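# Overview (structure and organization)
Chain by chain, the residues:
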Amino acid sequence: MTDESAAPVATGHEPRWLDQDQQRAWRSFLLGTTLLLDRIDEDLRREHGLSAVEYEILVRLSEADGTLRMAQLAAALAHSRSRVTHTVKRMEGAGLVVREESPDDGRGVDCRLTDAGQDMLRTAAPGHVETVRHSLIDLVDPDDLLALGRVMDAVCDQLICAHPEREIR
């Protein structure tokens, strides 16, 4: 909504509607992130048979010395445990990861990167980086990229406090 079409909210407080420039920036952000994430997913699927979520699971496991508890993995990805369990099961069938009882307490389940998963990550990473470069990094002025980083850091700083386990910066 814009200022002109705004109606008072039931609470009696007038919302702070976005002006035209803010609305344009917001819609560009929404469309741009959707298109970028779709491109990343399409390229990974076409070139490696991996979804973007599967690739991210491989990355997260690799960065955690190869093993994470399933609950930590789900939290880090900001996905439900059931969605991550389903994805990991599919990846386990492909030999990229294995699930095993946690040696820490015997109650939790760990997800461990296999040699095949590490090989897949090494194979997929260069193309993934090229997609990111071609679809974002190389399109913008370096100063604008730094500004984008600052903007997203501010967003993360505000929202991550409710879910510190999602922090990956």
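Whatever comes next refers back to the structure up there.
Now for a description of the structure that goes with this document.

Criteria and cut-off values
Residues numbered from 1 in each chain as written. Predicted model: local features only at pLDDT ≥ 70, side-chain atom pairs only at ≥ 80, totals over all residues. Heavy atoms only, no water. Pairing = 2+ DSSP bridges. Helix = DSSP H or I, 4+ residues; strand = E, 2+ residues; numbered from the N terminus. 1 Å grid on protein atoms, 1.4 Å probe; cavity = no way out; pocket = protein on both sides within 12 Å on 5 of 7 lines; lining within 4 Å. Points joined across faces, edges and corners; volume = space filled by probe spheres on them. Core = buried A, V, L, I, M, F, W, Y, C linked by side-chain atoms within 4.5 Å. Buried < 20%, exposed > 50% of the residue type's maximum accessible area, 1.4 Å probe, protein only. Contact = heavy atoms within 4.5 Å.

## Some thoughts on the pairing of strand β3 (residues 109–113)
Where strand β1 (residues 67–69) meets β3, three bridges bridge the pair, whose relative direction is antiparallel. Across the sheet, L68 pairs through a bridge with C111, a residue of β3. Of the strand pairs in this sheet, strand β2 (residues 97–101) and β3 are connected by five bridges, and their pairing is antiparallel. Bridge pairing in β3 links V97 to L113.

## Observations regarding empty space enclosed by the protein
A full pass over the atoms with the stated rule returns one cavity of 30 Å³ or more. If you add up the space inside the largest cavity, you get close to 30 Å³. Lining the largest cavity are I40, D43, L44, E47, H48, G127, H128 and T131. Elements that contribute at least two residues to the lining of the largest cavity include exactly α1 (20–48) and α5 (115–135). No other element matches α1, which puts five residues into the lining of the largest cavity.

## A look at the nonpolar core
In this structure, I57, L58, L73, V88 and V97 are the most contacted members of the largest nonpolar core, which totals 24 residues. Looking at this core, the elements with two or more residues in it are α1, α2 (52–63), α3 (70–77), α4 (81–93), β3 and α5. Looking at this core element by element, the count peaks at six residues for α2. Beyond its immediate sequence surroundings of up to four residues, V97 is in contact with L58, L61, V88, M91, E92, C111, R112, L113 and T114.

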